[in-house]
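As a plain string of letters, each chain reads:
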Amino acid sequence: YIDKKEIEIEIELIRDEKVNNLEIEKSEENKIYDDDLYDLIDQADLLYLDGKLKESIAFIEAQIKKYPNIPEFYQVLALSNWRLKNFEKQILFAQKVIELENDSELSLNAYNLLGIGYSLKQGGEQQSIFYYKKCIDKKSDEHSFYRNRAISYIGLELLPNLPIKIRNNYKLKADEDLRKIIEISKTTKKIDYQLLHSEALAHNLLGNPKLALGLLN
């Protein structure tokens, strides 16, 4: 989950990163990021943030005819298709982001979208866990990655006709991720309401509903 303010901050961070790359490398590929392109990326983001998902998709589809290799466009396409519950396209466009830019905050979000997309597909839990691990390897203190992976482990644990040994193994892995969320929350000094929500979910799934309710209150 990414709220509106976080996305706005992320837009600025990505813009700053691209500007710095322009100044340092001066490559032809980077020169494509001019003010006009930044404005187009912002327009796509704002359409998504305003909930105009189909309009955002149509707008980006028109832009990628001219700019076919801009990962920010595919990121918004993945996000928009996620909200429209078109998980196949969500996965497709998230993979395109990674293909174009595999070592940045943008790719980290794309890996998370791949994890979410596969977790929402029937039988996709193992693949979702694979991508959440990539997220955790890149950013080990992000609570949402552990939360999402725990949910995928729980999905595997609940599969019918599963041998008890394998079921217990999935439960142990889920509990480990849930405890990691609590650990992150205890070591975080600033108030983060999304983290508190994740911690509440962790306590509830670990069998401590009173602690969960206290955090939610």
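The shown structure was predicted, so the numbers you read here are calculated from the model rather than taken from an experiment.

> Account for the overall build of the protein chain, with residues named and values stated.
When helices and strands are tallied, the protein chain shows 12 helices and zero strands. Here the protein chain holds 217 residues, and the buried ones make up 46% of them. Working note: accessible area of the protein chain is about 12,600 Å², and carbon and sulfur atoms make up 52% of it.

> Hey, could you go over the layout of surface pockets for me, with residue numbers and the actual values?
It is a probe the size of a water molecule, rolled over the atoms, that shows where empty space is left. Roughly 320 Å³ of volume is contained in the second largest pocket. Along the wall of the second largest pocket there are 15 residues; nearest its centre are Trp82, Ile116, Ser119, Leu120 and Asn148. Secondary structure elements with two or more residues in the lining of the second largest pocket: helix 5 (71–83), helix 7 (105–119), helix 8 (125–138) and helix 9 (143–157). Here the lining of the second largest pocket gets five residues from one element, more than from any other, and that element is helix 9. Across the lining of the second largest pocket, the residue classes tally to seven nonpolar, four polar and four charged.

> So what about unusual backbone geometry? Which residues, and what values?
The phi dihedral of lysine 85 is positive, around 65°, even though this residue is not glycine. Examined against the element boundaries, lysine 85 turns out to sit in the loop between helix 5 and helix 6 (87–100). Although it is not a glycine, asparagine 161 adopts a positive phi angle of roughly 60°. In this structure, asparagine 161 sits in the loop between helix 9 and helix 10 (164–187).

> Pulling in residues and values, what's your account of a negative patch on the surface?
A contiguous patch of negative charge, built from Asp34, Asp35, Asp36 and Asp39, is present on the exposed surface. Within the fold, aspartate 34 resides in the loop between helix 2 (28–31) and helix 3 (35–49). The partly exposed category is assigned to aspartate 34, whose relative accessible area is 34%.

Calculation rules
- Residues numbered from 1 in each chain as written.
- Predicted model: local features only at pLDDT ≥ 70, side-chain atom pairs only at ≥ 80, totals over all residues.
- Heavy atoms only, no water.
- Helix = DSSP H or I, 4+ residues; strand = E, 2+ residues; numbered from the N terminus.
- Buried < 20%, exposed > 50% of the residue type's maximum accessible area, 1.4 Å probe, protein only.
- Areas by Shrake-Rupley, 256 points an atom, 1.4 Å probe, with all protein chains shown as cover.
- 1 Å grid on protein atoms, 1.4 Å probe; cavity = no way out; pocket = protein on both sides within 12 Å on 5 of 7 lines; lining within 4 Å.
- Points joined across faces, edges and corners; volume = space filled by probe spheres on them.
- Nonpolar A, V, L, I, M, F, W, Y, C, P; charged D, E, K, R; others polar.
- Patch = residues over 30% accessible without salt bridge, like charges linked within 9 Å, V, L, I, M, F, W, Y side chains within 5 Å.
- Salt bridge = Lys/Arg side-chain N within 4 Å of Asp/Glu carboxyl O.
- Lys, Arg positive; Asp, Glu negative; His and termini not counted.
- Charge placed at Lys NZ, Arg CZ, Asp CG, Glu CD.

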